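Chain and residue survey
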Number of protein chains: 2
Amino acid sequence: MMAIEIPEPIRAQCEKKGGIKGIKKKLPGKRDLEKRSQVFQALSDPLRLNIMLALVEQPLCVCMVKDIVNPKISDSKLSYHINILKDTGLIKGERKASWIIYEPTRLGKEAVKVAGKL
Amino acid sequence: MMAIEIPEPIRAQCEKKGGIKGIKKKLPGKRDLEKRSQVFQALSDPLRLNIMLALVEQPLCVCMVKDIVNPKISDSKLSYHINILKDTGLIKGERKASWIIYEPTRLGKEAVKVAGKL
DNA sequence: TCACCATTTCAACTTATTTTGAAACAACAT
DNA sequence: ATGTTGTTTCAAAATAAGTTGAAATGGTGA
């Protein structure tokens with residue numbers, strides 16, 4: 001049997017915050033964690049991050065995005081990634097004649113702004 | 001043959017920014033994109049995000065992290081995720097007697113602060 | 001109508017990430 | 001030394017994400 005089970009300074013700091021329970025209470029719930037980590041997930045691919053950065057500069061149709069990020073990638077690949085950004089709510093697209101113009105949502109702009117700080 | 005190949009307002013805006021070339025120039029290089037997206041990748045898992053949030057509240061040893069995020073997960077699983085956060089440079093660990101106390105790095109704190117805005 | 005262009009969808013495939021359980025390591029107490 | 005606790009490592013299995021090429025959709029102009 002031991003008196004001290006964890007390092008004393010840590011235990012003391014921890015108690016001041018209401019102990020394990022106190023810290024637990026400050027953390028988001030399951031839903032919230034999933035939602036937020038999904039945004040990170042969407043930006044966790046270099047190509048998608050690049051697409052976001054381009055769209056923040058300027059709303060663009062898919063074919064221009066392609067020209068900018070890499071003229072050699074396949075259309076289906078590009079579409080796949082754009083779709084992830086759209087489903088996550090980071091961008092939205094609007095049809096203009098033959099083209100679909102994508103631009104960042106408010107969330108998308110926030111996220112990219114944030115990316116610049118890392 | 002057509003005169004207009006892309007929506008006029010977009011083309012005009014785009015020209016003002018130096019066209020495709022101009023936008024391209026503003027985007028980060030491959031290395032930079034990879035580095036940044038990796039940070040997002042690390043935070044793209046709800047468990048890891050939760051661990052980060054807990055550590056920002058209070059530096060903790062692994063066993064306390066476990067108590068907080070989910071007492072039922074296996075040690076190896078927890079270790080795997082902690083390791084990803086460490087390798088990405090979001091947290092650092094220091095041995096104190098029997099325990100290893102983890103705490104967020106400067107980058108880790110920044111990243112979490114940012115997470116709160118999404 | 002037809003051919004054409006931009007974009008998306010689909011299913012098969014490849015690759016990357018996560019989970020598991022057992023074993024190893026490290027520090028400490030007896 | 002031995003046993004105990006905290007933590008990591010490893011390889012195998014399970015799951016998820018990304019890529020590919022072909023086919024489909026939907027708008028446009030002849």
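For the structure itself, look to the data block above.
Predicted model only: the values in this text are computed from it and were never measured.

So, on to the pairing of strand S2 (residues 91-96) of chain B. Residue and element names in this part refer to chain B. Alignment of S2 against strand S3 (residues 99-104), held across six bridges, turns out to be antiparallel. Residue pairing for S3: Arg-95 is matched across the bridge by Ile-100. Counted along the chain from S2 to the antiparallel partner S3, the turn is two residues long, and its residue Ala-97 has a positive phi close to 55 degrees.

Before going further, it helps to examine the packing of helix H5 (residues 62-69) of chain B against helix H6 (residues 75-87) of chain B. How two helices pack is summed up by the angle between their axes together with the distance between the axes. Residues and elements named next belong to chain B. Where H5 contacts H6, the axes come no closer than 11 Å and their chain directions differ by 105 degrees. The angle between H5 and H6 falls in the class roughly perpendicular. Where H5 abuts H6, its residues Val-62, Val-65 and Lys-66 lie against Asp-75, Leu-78 and Ile-82. Taken together, the residues of the contact of H5 with H6 break down into four nonpolar, no polar and two charged.

All names here are of chain A. Across the sheet, which stays open at both edges, the three strands sit in the order S1-S3-S2 with antiparallel pairing between neighbours. The open sheet terminates on both sides in strands that have one partner only, identified here as strand S1 (60-61) and strand S2 (91-96). Sheet topology note: the S1/strand S3 (residues 99-104) ladder contains two bridges and is antiparallel. Paired with Leu-60 across the strands is Tyr-102, a residue of S3. Taken strand by strand, helix H4 (residues 46-57) contacts S1, S2 and S3, and its axis lies near 95 degrees from that of S3.

Take the sheet that holds strand S1 (residues 60-61) of chain B next. Residues and elements named next belong to chain B. Judged by pairing direction, the sheet is antiparallel, and its three strands sit side by side in the order S1-S3-S2 without closing on themselves. Two strands close off the open sheet at either side, each with one partner strand: S1 and S2. Here helix H4 (residues 46-57) sits on the sheet and contacts S1, S2 and S3; the angle it forms with S3, its principal contact strand, is near 95 degrees.

This part is about the side chain of Arg-36 of chain B. For Arg-36 of chain B, the location among the structural elements is in helix H3 (residues 30-42). Residues contacting Arg-36 of chain B, with those up to four places away along its chain left out, are Leu-49, Ala-115 and Gly-116 of chain A together with Pro-28 of chain B.

Each partner contributes to the interface: chain B provides 48 residues, whereas chain A provides 48 residues. For the pair chain B and chain A, the number of links is two salt bridges. Taken together, the connections running from chain B to chain A amount to ten residue pairs in polar contact (both at pLDDT 80 or more). Elements with a contribution of two residues or more to the side of chain B that touches chain A: helix H1 (8-16), helix H2 (19-26), H3, H4, S1, H5, S3 and helix H7 (106-115) of chain B. Examining the composition of the side of chain B that touches chain A, we find that seven residues originate from one element, H3 of chain B, more than from any other. For the side of chain B that touches chain A, the per-class residue count stands at 28 nonpolar, seven polar and 13 charged.

Turning our attention to the relation of the copies chain B and chain A. With an axial shift of 0.0 Å and an RMSD of 0.1 Å, the rotation relating chain B to chain A amounts to 180 degrees. Within this description, the copies of the chain are treated as partners about a two-fold rotation axis. Taking C-alpha positions as reference, the residue of chain B nearest the rotation axis is Phe-40 of chain B, located at 2.5 Å. Residue by residue, 100% of the interface of chain B is reproduced at the interface of chain A, so both copies engage with the same surface.

Parameters at a glance
Along each chain, residue indices are assigned from 1 in the same order as the chain's sequence is written. Note on labels: chains are lettered from A, ligands numbered from 1, in written order. Selection of residues for local features in this predicted model requires a pLDDT of at least 70, selection of side-chain atom pairs for listing and counting requires 80 or more, and totals for whole chains, interfaces and linings are taken over all residues. Side-chain calculation: all heavy atoms of the structure are included, whereas hydrogens and water are not. Pairing between strands is defined by DSSP: at least two bridges between the two strands are required. Numbering of helices and strands runs from the N terminus, with a helix taken as a DSSP run of H or I at least four residues long and a strand as a DSSP run of E at least two residues long. Between N-to-C directions, angles span 0 to 180 degrees; the directions come from axes that are lines fitted to C-alpha atoms, helices contributing only their stretch in contact. Note on angle classes: values under 35 degrees are labelled roughly parallel, values over 145 roughly antiparallel, values of 65 to 115 roughly perpendicular, and the remainder oblique. Whether two residues are in contact is decided by their heavy atoms: any pair within 4.5 Å suffices. Only Asp, Glu, Lys and Arg are considered charged in this grouping, and only Ala, Val, Leu, Ile, Met, Phe, Trp, Tyr, Cys and Pro are considered nonpolar; every other residue, Gly among them, is considered polar. Just to be clear on terms, a salt bridge is a Lys or Arg side-chain nitrogen sitting within 4 Å of an Asp or Glu carboxyl oxygen. Polar contact criterion, stated in full: a pair of N or O atoms within 3.5 Å, where within protein one must be able to donate a hydrogen and the other to accept it, and residues adjacent in sequence count only if both atoms are side-chain atoms. Copy-to-copy superposition: least squares on the C-alpha atoms, limited to residues that have pLDDT of at least 70 in both copies.

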